[in-house]
Amino acid sequence: MTVALSGKDIASKLEERFPGSVVESSQACVLIKPDSLLEVAAFLKDTPELNFDYFNYVTAVDYFQYFEIIYQLTSLEHNHSLVFKARCYDRENPAVPSVVELWQGADFQEREIYDLMGIRFEGHPNLKRIFLWEGFQGYPLRKDFL
Amino acid sequence: MAIETREMALKTEPFVLNFGPVHPSTHGVYRMRTTLDGEVVLDIEPVFGYLHRGIEKLAEQRTFTGFIPLTDRLDYISSMSNNLAYCLAVEKLAGIAVPERAEYIRVIIAEMQRIANHLIAVGSFLNDCGAYFTPFLYMFRERERIVDLFEMVSGQRLLYNYMRIGGVSQDLPDEFLPALRKLLDLMPSYIGEYERLLKDNEILQARARGVGILTQETAVNCGISGPVLRSTGYRWDWRRADPYSIYDRFDFDIPVGVQGDCYDRFRVRIEEMTQSLRIIEQAIKDLPSGPVQADVPHLIRPPVGEAYAHIEAPKGELGFYLVSDDSVAPYRCHVRPTSLINLTALREMVRGWKVADLIIIFGSIDITLGEVDR
Amino acid sequence: MEVDRPGQYIYSDTEIDRVEGQVIEELKASSQEALPDPDQWLEEEAEKNILVTTVDAVINWARRSSLWTAICFPACCAFEFIAANGPRFDLSRFGMEILRASPRQADLMITAGTLTWKMAPNVRRIYNQMPEPKWVIAMGACACSGGIFASSYNVVPGYNHIIPVDVYVPGCPPRPEALIYGIQTLQRKIAAKSNINLLERSKQG
């Protein structure tokens, strides 16, 4: 049975290692600051007892005041999983670091989020529209797109 | 990029060939811009979106129950699995318990769907290998029998809309179980027929052994799941690792490959069909009686929250991420697209192979464009 | 795990994407109205009550008994078309077992699947490449009117915005028997076509 790790335990580990990176945590997930996303992700992947090597998905939700980007990771070795999130409060030019260097599976999914929501991923090698054509006006999955 | 300099006086240049969206193979509207040096593939650039119908946006305009027909159209070859994944996600979000009979029916239907899907996957893989339509039509003959059973249960041949939140929509009719029994008795002989014709076939061995090798590290790093991951030798199946529904009650093996080439992917799918037959046998024996749907309103309003549920779909890990804000429509519905993520490793797998191998490698991953593009 | 950088391609992918995007936008702007169905000649013939001559009958019989399909299979209806080609519902008995990849050798296009604006220029191009006489069967609800996806931002509400359609086969997906009925309707339509008059008409202008 895949154990969903408690957000609070992970948050305390992250606070020791990277103070100030955790915004809040609950039983289900950890919310971290976008600036410390890369170092937190690298820590989660490389620490032997966590060893999150399998990238389930990345997705984004448009709550009107902010965009929330949700990641889920699984460790195939220890059979546990974790959900962590980042929030982006900028509506005009939202930008978040990209985790493609760590998990190649994030490649197409981040392009999809850029295409449909407009969130830029800094450090992505090939960030361009994937489903819609160049020159399409607007970002369809945003709540203000008709 | 490095082009080997040759000792002959012949100077070659790379050129770009467009494998357009209209493709003479059954995988759908997928486009690749390939950079070739003669016949050897140097690089590919996949282009998607020719079937992007905006299902995630449409989810926000439909009710939770009204979205089930749209989930059929995602991976349209195995629609029952899509329905199951979505219903599990809503049940997790709303905390609904499913009656026993419905759980068993779901398992039987999901495993039959796995067999039907693998029949098409193997058939079209062999079509790409050059056996043209002969194995494809053989496998279609079996698929027609399975589709007959699905028609008995749901009334539809391809896009079933059968599962509901809290169970299934109708009970199995009386003639279903005898017909299923007859199919289960005949199926091993058909699978034996395919093995006899194809397992040691020289042409298949020459074309598919050692072609398009995927290593375990690349597969795990790219998030690849399903038969493609198992062909690399990693024994990981979500039915065993994170059992959903009642899969922990059944006894089945997980076939794995050896080196992650096209031949291993083909063998893994054939073996999985045999294992699915085992699961169906066990499920039929223990099928209890009772209601087939929990007492759930049609216009269901799950409490505020979010949930992610995944299943081992025939192609890999299919998951639905749902966010609800206490209204009759989902606030956000995201589909974890198995086929799109399985395509991440395609570039590494095809570098250095010839154009004909590119088609086989692409066919052995087994994607459906409805799921890639949504 | 190295990730490849752009600039590895020998062509400029952003330039190609930009040009194609422009083509799509232009096509979308010019296809907001449905094209009229090519049925006018049927009604005129019925009014004038012209008999189909023996030459016409032979030509029409030859054309309708060996329709070769061009491949245009975006989505789910493709599998019902393939099932129609399969061993149970055999399309080969109508002379239609040839599924050539090249539109230059085809005279029927069965559009099996949802049409999106991104795909529309390609379908137009395939249709233009088919030589006369050519017919189109719109198979499925998505092909007739956009179907279950009609309100989506990327879906064309029916193939008749892009190419003229002869026969509409509703269903989601239509059963292979329904598709065969649609093909037989098309065959009846071809049988009623008078070719000699059209030849004279084309000579005049």
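Before reading further, recall that the structure is shown in the block above.
My aim in this report is to walk through the structure given alongside it, one point at a time. All of these numbers come straight from a predicted model, not from anything done at the bench.

1. With respect to the packing of helix α4 (residues 100-131) of chain B against helix α11 (residues 262-285) of chain B
Each pair of packed helices can be summarised by the angle the axes make with each other and by the distance between the axes.
Residue and element names in this part refer to chain B.
And then number 1: Across the interface, α4 lies against α11 with an axial gap of 9 Å and an inter-helix angle of 160°. In terms of orientation, α4 and α11 fall into the roughly antiparallel class. Considering how the two elements wind past one another, α4 and α11 form a crossing that is left-handed. Together, Y104, V107, I108, E111, M112, R114, I115, H118, A121, V122 and F125 of α4 and F266, R269, I270, E272, M273, S276, I279, I280, A283 and I284 of α11 make up the contact between the two elements.
And then number 2: Of the residues assigned to the contact of α4 with α11, the class counts are 15 nonpolar, two polar and four charged.

2. Considerations on the environment of C:R93
And then number 1: Mapped onto the elements of the fold, C:R93 is located in the loop between α4 (77-85) and β2 (99-100).
And then number 2: Remark: the alpha-carbon pair of C:R93 and C:Y168, spanning 75 residues in sequence, is separated by 22 Å.

3. Here we look at helix α7 (residues 176-191) of chain C
All names here are of chain C.
And then number 1: Taking 1.5 Å as the rise per residue, α7 with 16 residues should run 22 Å; its terminal C-alpha atoms sit 22 Å apart, in good agreement.
And then number 2: Within α7, burial applies to P176, L179, G182, I183, L186 and I190. When α7 is viewed along its axis, its buried side chains cluster within an angular range of 115° and face the same direction. Structural note: α7 exposes E177 and R188 on the side pointing more than 90 degrees away from its buried face.
And then number 3: Elements that come into contact with the buried residues of α7 comprise α3 (54-64), α4, β4 (135-139) and β5 (167-169).

4. Topic: α4(B)
All names here are of chain B.
And then number 1: In this model, α4 (32 residues) spans 44 Å end to end at C-alpha, consistent with the 46 Å of a helix rising 1.5 Å per residue.
And then number 2: Of all 32 residues that make up α4, 28 are buried, and the element is covered over most of its length.
And then number 3: Backbone geometry just after α4 places Y132 at a positive phi near 45°.

5. Some points on the sheet that holds strand β3 (residues 108-112) of chain C
All names here are of chain C.
And then number 1: The strand order β2-β1-β3-β4-β5 describes an open sheet built from five strands, whose pairing is parallel. Among the strands making up the open sheet, the edge pair consists of β2 and β5.
And then number 2: Bridging between strand β1 (residues 69-70) and β3 involves two bridges; their strand directions are parallel. Bridging across to β3, A70 finds its partner in M109.

Conventions and cut-offs
Residues numbered from 1 in each chain as written. Chains lettered and ligands numbered in written order. Predicted model: local features only at pLDDT ≥ 70, side-chain atom pairs only at ≥ 80, totals over all residues. Axes fitted to C-alpha atoms, helices over the stretch in contact; angles between N-to-C directions. Helix = DSSP H or I, 4+ residues; strand = E, 2+ residues; numbered from the N terminus. Parallel < 35°, antiparallel > 145°, perpendicular 65-115°, else oblique. Left-handed = near helix turned anticlockwise from the far one by under 90°. Contact = placed C-beta atoms within 7 Å. Nonpolar A, V, L, I, M, F, W, Y, C, P; charged D, E, K, R; others polar. Expected span 1.5 Å × (residues − 1). Buried ≥ 20, exposed ≤ 12 C-beta atoms within 10 Å, placed from the backbone. Arc of directions from axis to C-beta. Pairing = 2+ DSSP bridges.

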